[in-house]
2 protein chains.
Amino acid sequence: MAQQGIILVAKEEVHSFIVRCIVGAGAELSHAECLADNLVLADCRGHTTHGLLRTALYVKDLKHDIAKGSGVPIILKETPAIALVDGNNLLGPVVGRFCMDVAIRKAQETGIGFVTARGSNHFGIAGAYSLQAMKKGFLGISMTNASPALMPTRAKKMFFGTNPISVAAPAVNGDNFVLDMATSAVSLGKVQVCKLKGEDMPDGWGVDKTGQDTTDPSEVLDDGGLHPLGGREITSGYKGYGLAMMVEILCGILSGANYGPNIRHWTSTDQIANVGHCFIAINTSAFESGFEERMTDLIDTCRNLETVEPGETVLIPGDRARAHYEKVEKSGAIEYNAEAIRQLDVLAKELGVPMICTMKQI
Amino acid sequence: MAQQGIILVAKEEVHSFIVRCIVGAGAELSHAECLADNLVLADCRGHTTHGLLRTALYVKDLKHDIAKGSGVPIILKETPAIALVDGNNLLGPVVGRFCMDVAIRKAQETGIGFVTARGSNHFGIAGAYSLQAMKKGFLGISMTNASPALMPTRAKKMFFGTNPISVAAPAVNGDNFVLDMATSAVSLGKVQVCKLKGEDMPDGWGVDKTGQDTTDPSEVLDDGGLHPLGGREITSGYKGYGLAMMVEILCGILSGANYGPNIRHWTSTDQIANVGHCFIAINTSAFESGFEERMTDLIDTCRNLETVEPGETVLIPGDRARAHYEKVEKSGAIEYNAEAIRQLDVLAKELGVPMICTMKQI
């Protein structure tokens, strides 16, 4: 029997649809393509909360002139190894790609490139930039601050964003390590999924609006917030909170961007986002030779560890996303919720662009 | 009534005792002083598992000629921004201080200094090196790999060390942010404390030798292991595991040191440790001016957040350690367990050096 409510869209059409929406909202083609690359990559890697379905939010920023669809980021200060960039209020992926390119060029020369940016917008999945460096043979790291969602240990107010960290390191034969994680216990997307399924959340994911632990996803979504990685104080949630602050320092404080509670809620359009990012590229050949071979030894040894539960496999960060990516590459199509696609049809009509062309409903 | 079993030792005498033990074990005076600085700092900041009481372990390495007490680290490769260092099998703090000095010099010139080291030994608290950079006005980061203690998500074998990360950032008037955390859920020291008190551990700290969750500290210490930060898979323990692997990559893989399960158990003396570290210094003035003022705004705003439980305070990473440090500075003395001091008397006799001079038993 066909699965209810799932629609397949060709990967190329997902990209094309995002491009025509973003161009329709007033952005330059190259900027729209850059954003589309990021969103399609998110969907291909299984990060469905950061893919096609977010198109409307970027459109909203452009239509409200709260983000710019043309122009170039500006290097404000630099040395052979670092740069401070003003994102010029362009779309986040345009700023991110520019900055990581700068970091890669510097790493090629001096072994490391370290770039912070302010004046940017939501840059999609952090993994897009660490992968950008990795695809050129570098060890890549990217981070960003974000709209408040996380309650510091003991506090009853959202203060930091989910402030993700991504690290990508190449191994031999195209194998790799790709960490792409929020410093909160979980993403808001996982909480939303629990709510949709009518399930309780595990203890340690989030708190209600008074800061009390809760397993009810509705209470988290109703002005509550996420626990930092580690959960409660007794299970070392203060470490996740410390990591979120580390990301804030490297992205927001160092660059002069907005930080902490000064960052607007992402869906609001009453002020520019002015979020901050940080990008690091490391030229592994500037250190001990044989990096990729040692990476392969490390991750293969880890994958082959005996598991607690028979039949399971020890995964390396990125394995699950890579498997999802390969599945999409093989089929050429990405699965979406049918209702979400219908909402995109409304968006297309508003923008006066062709609706998304679906392959079939399964 | 006097507290049973607590002995006070003057801070200077703690330092002096460590120096005479390490010199007695064959190390150069400057190396012994460097190690003593690290161990005393740990005790002053309240990290008692990493202080004076570890002296015997460093002595053991020196006496077995498995670590060297004289010589200098060697810069194998460098650019204006990075360096690869061979620690020359010297005491970890000697290697660490050397490397962070190199990183600071490079950061002064190019905005960032990034140094990895191999051929090193246990370097004490990671915070010593991030603080070393911070005291000179830089943003400091340090990490190290370590003997296996952490079970990767789903695995039933210890694979990574507690692989700590420390980040120190200056604010105005001597205030600061100092994160110094293991990427495991907790340190082994906390598990040992639970066992001594005859208490169960919270769920999510560790597993028994079959990889099953346990709240019995004895089962963790008896060939069991620590959960990564985040605990079980359902509460995102795979993120802590990913962070531990990130540290392993930056310390062990990049430098060509031992890594993962290849690192000896710290108390064994059948092979050299060859652990790897990573040190980063960032010259904040190379980025947007006013870094320290923004840091103060960030951390003061955070400290002043309303708390869930009345009467509590939201802490910034490092606040607890700083309070402990100030208490020691004021009294001039550090508290130790009386039985642990008696063991140091045995060590002193073995080395033929004067026993530690205690102030009073309280």
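One numbering rule holds for all chains: residues counted from 1, following each sequence as written. Starting at A for chains and at 1 for ligands, labels are handed out in the order in which the entities are written. This being a predicted model, a pLDDT of at least 70 is required before a residue's local features are given, and a value of 80 or more before pairs of side-chain atoms are given or counted; all residues contribute to the totals for chains, interfaces and linings. Working from all heavy atoms in the structure, the side-chain values ignore hydrogens and water.

Where an unreviewed UniProt entry is consulted, chain A appears under the name Malate dehydrogenase, with the organism given as Sinanodonta woodiana. If you open the UniProt record of chain A and go to Sequence similarities (unreviewed entry), you find "Belongs to the LDH2/MDH2 oxidoreductase family." UniProt positions are given in the numbering used here, feature names are shortened, and annotations may be inferred rather than shown by experiment.

**Student:** What exactly am I supposed to notice about the overall build of chain A here?
**Tutor:** Across its full length, chain A carries eleven helices and 13 strands. Note that the radius of gyration is over C-alpha atoms, with the globule rule given as 2.2 Å times the number of residues to the power 0.38. Relative to the compact-globule value of 21 Å for 362 residues, chain A shows a C-alpha radius of gyration of 20 Å, a close match. Its C-alpha atoms give chain A principal-axis dimensions of about 55 × 50 × 45 Å. When a residue's accessible area, from a 1.4 Å probe over protein chains only, is under 20% of the maximum for its type it is buried; when over 50% it is exposed; and in between it is partly exposed. Within the span of chain A, comprising 362 residues, buried residues form 61% of the whole. Summarising the internal contacts of chain A: among those between residues at least 6 apart in sequence, 66% fall at separations of at least 24. Areas reported here follow the Shrake-Rupley algorithm with a probe of radius 1.4 Å; residue values treat only the protein chains shown as occluding. Looking at chain A as shown, the accessible area adds up to about 13,600 Å², and 51% of this sits on carbon and sulfur atoms. Numbered from the N terminus, helices here are DSSP runs of H or I no shorter than four residues, and strands are runs of E no shorter than two. Two residues qualify as a contact provided that any one of their heavy atoms is within 4.5 Å of a heavy atom in the partner residue.

**Student:** Even after reading the chapter, I still don't get the domain arrangement of chain A, so can you show me in this structure?
**Tutor:** Where interface size is given, it is often the accessible area lost as the parts come together that is meant. All names here are of chain A. An automatic or database domain assignment supplies the start and end points of every domain. The domains assigned to chain A are domain 1 (1-63 + 332-362) and domain 2 (75-185 + 227-331). The straight-line distance from the C-alpha centre of domain 1 to that of domain 2 is 24 Å. Domain 1 puts 25 residues into the contact, and the matching count from domain 2 is 29 residues. Think of a salt bridge as a Lys or Arg side-chain nitrogen and an Asp or Glu carboxyl oxygen that are within 4 Å of each other. Counting every contact that joins domain 1 to domain 2 gives three salt bridges. Its salt-bridge partner being Arg 97, residue Asp 37 comes within 2.6 Å of it at the nearest N-O pair. Any pair of nitrogen or oxygen atoms within 3.5 Å is treated as a polar contact; in protein, a donor-acceptor pairing is required on top of that, and neighbouring residues in sequence qualify only through side-chain atoms on both sides. Inspection of the region where domain 1 meets domain 2 yields 14 residue pairs in polar contact (both at pLDDT 80 or more). Elements with a contribution of two residues or more to the side of domain 1 that touches domain 2: helix 1 (11-24), helix 2 (29-44), helix 3 (55-63) and strand 12 (333-337). Counting residues per element, the side of domain 1 that touches domain 2 draws most heavily on helix 2, at nine residues.

**Student:** So what exactly am I meant to see when it comes to the relation of the copies chain B and chain A here?
**Tutor:** The relation between the two chain copies is a rotation about an axis coupled with a shift along that axis. Once turned by 180° and shifted 0.0 Å along the axis, chain B lies on chain A with an RMSD of 0.0 Å. Considering both components of the superposition, the chain copies are consistent with a two-fold axis. Closest approach to the rotation axis among the C-alpha atoms of chain B is made by Gly 230 of chain B, whose C-alpha sits 2.0 Å away. The residues that chain B uses at the interface reappear at the interface of chain A in 100% of cases, marking a shared surface. The copies are overlaid by a least-squares fit using only the C-alpha atoms of residues whose pLDDT is at least 70 in both copies.

**Student:** How should I be thinking about the environment of Met 158 of chain A in this particular structure?
**Tutor:** All names here are of chain A. When you line up the elements, Met 158 lands in the loop between strand 5 (139-144) and strand 6 (165-170). Met 158 gets classed as partly exposed once you look at its relative accessible area, which sits at 28%. For the pair formed by Met 158 and Asp 200, sequence separation is 42 residues and the distance between their alpha carbons is 21 Å. Setting aside anything within four residues of it in sequence, one finds Met 158 in contact with Pro 148, Ala 149, Leu 150, Met 151, Gly 224 and Gly 225.

**Student:** Any chance you could explain the packing of aromatic side chains here in plain terms?
**Tutor:** Aromatic rings in a pair are described by how distant their centres are and how their planes are angled relative to each other. Residue and element names in this part refer to chain A. Only the six-membered ring of Trp is used, alongside the rings of Phe and Tyr, when aromatic pairs are assigned; centres must lie within 6.5 Å, and planes under 30 degrees apart are stacked while those over 60 apart are edge-to-face, with the rest tilted. Taken as a whole and assessed by the stated rule, the structure comprises twelve aromatic pairs over all chains. Their ring planes at 55° and their centres at 6.0 Å tell us that Phe 123 and Phe 279 sit as a pair that is tilted. In this pair, Phe 123 is assigned in the loop between strand 4 (112-120) and helix 5 (127-134) and Phe 279 in strand 11 (residues 275-282), connecting sequence segments 156 residues apart. In this structure, Phe 123 and Phe 279 share a single accessibility class: buried. On the numbers, 6.3 Å between centres and 40° between planes, the contact of Phe 160 with Tyr 241 is tilted. You can see Phe 160 sitting in the loop between strand 5 and strand 6 and its partner Tyr 241 sitting in helix 8 (residues 237-255), a full 81 residues away along the chain. You'll find Phe 160 and Tyr 241 in the same group, each marked buried.

**Student:** Help me out: how do you make sense of unusual backbone geometry in this one?
**Tutor:** Only a minority of non-glycine residues have a phi that is not negative, and only a minority of peptide bonds are not trans. Of note, the phi angle at Ser 236 of chain A is positive, near 75°, even though the residue is not glycine. Within the secondary structure layout, Ser 236 of chain A lies in the loop between strand 10 (225-226) and helix 8.

**Student:** I tried to follow the interface of chain B and chain A on my own but got confused; where do I start?
**Tutor:** Each partner contributes to the interface: chain B provides 85 residues, whereas chain A provides 85 residues. Two parts lose some accessible area (1.4 Å probe) when they are put together, and adding that loss for both gives the buried area. Summed over both partners, the interface of chain B with chain A buries about 7,100 Å², with 70% contributed by carbon and sulfur atoms. Considering only the side of chain B, the residues that lose the most area to chain A are Arg 154, Phe 287 and Leu 298 of chain B, jointly responsible for 11% of the buried surface there. Where chain B touches chain A, the interface holds six salt bridges. Of the charged contacts, one joins Arg 118 of chain B and Glu 288 of chain A as a salt bridge, the two residues approaching to 2.7 Å between their closest N and O atoms. Among the secondary structure elements, those contributing two or more residues to the side of chain B that touches chain A are strand 3 (82-86), strand 4 (112-120), strand 6 (165-170), strand 7 (176-181), helix 8 (237-255) and helix 9 (291-303) of chain B. The leading source of residues in the side of chain B that touches chain A is helix 8 of chain B, at 14 residues. Only Asp, Glu, Lys and Arg are considered charged, only Ala, Val, Leu, Ile, Met, Phe, Trp, Tyr, Cys and Pro nonpolar, and every remaining residue, Gly among them, polar. Among the residues forming the side of chain B that touches chain A, the class breakdown is 47 nonpolar, 21 polar and 17 charged.

**Student:** How should a negative patch on the surface be read in this particular structure?
**Tutor:** A cluster of acidic residues, Glu 199, Asp 200, Asp 216 and Glu 219 of chain A, forms a negative patch at the surface. Tracing the backbone through its elements, the reader meets Glu 199 of chain A in the loop between helix 6 (188-197) and strand 8 (206-207). Excluding any residue in a salt bridge, patches collect residues exceeding 30% relative accessible area, merging like charges within 9 Å and nonpolar Val, Leu, Ile, Met, Phe, Trp and Tyr side chains within 5 Å. His is not counted here, nor are the chain ends, while Lys and Arg score as positive and Asp and Glu score as negative. Every charge is mapped onto a representative atom, which is NZ of Lys, CZ of Arg, CG of Asp or CD of Glu.

**Student:** How should the confidence of the model for chain A be read in this particular structure?
**Tutor:** Fine structural detail should not be taken from predicted coordinates in areas where pLDDT scores are low. pLDDT is a residue-level measure of predictor confidence that goes from 0 to 100. Chain-level statistics for chain A give a pLDDT mean of 95 and a share of 98% at 70 or above. Two summary scores accompany this predicted model of the complex, namely pTM at 0.97 and ipTM at 0.97.

**Student:** How should I be thinking about helix 3 of chain A in this particular structure?
**Tutor:** It helps to recall that an α-helix has 3.6 residues per turn; residues three or four apart then point in one direction. Residues and elements named next belong to chain A. Burial in helix 3 covers these residues: Thr 55, Tyr 58, Val 59, Asp 61 and Leu 62. Each buried residue of helix 3 sits inside an arc of 160° when the element is viewed along its axis, so together they form one side. Contact partners of the buried residues in helix 3: helix 1, helix 2 and helix 11 (338-351). Of the residues trailing helix 3, Asp 65 is marked for its positive phi of about 55°. Note: the arc covers the axis-to-C-beta directions of the helix.

**Student:** Any chance you could explain the sheet that holds strand 10 (residues 225-226) of chain B here in plain terms?
**Tutor:** Within a beta sheet, neighbouring strands are joined by backbone hydrogen bonds and run either parallel or antiparallel to one another. Residues and elements named next belong to chain B. Any two strands with at least two DSSP-identified bridges between them are counted as paired. Here three strands make up an open sheet; going across it, the order is 9-8-10 and the pairing antiparallel. With partners counted over all chains shown, the strands left at the sheet margins are strand 9 (213-214) and strand 10, one partner each. Where strand 8 (residues 206-207) lies against strand 10, two bridges are found, and the strand directions are antiparallel. Bridging across to strand 10, Gly 206 finds its partner in Leu 226.

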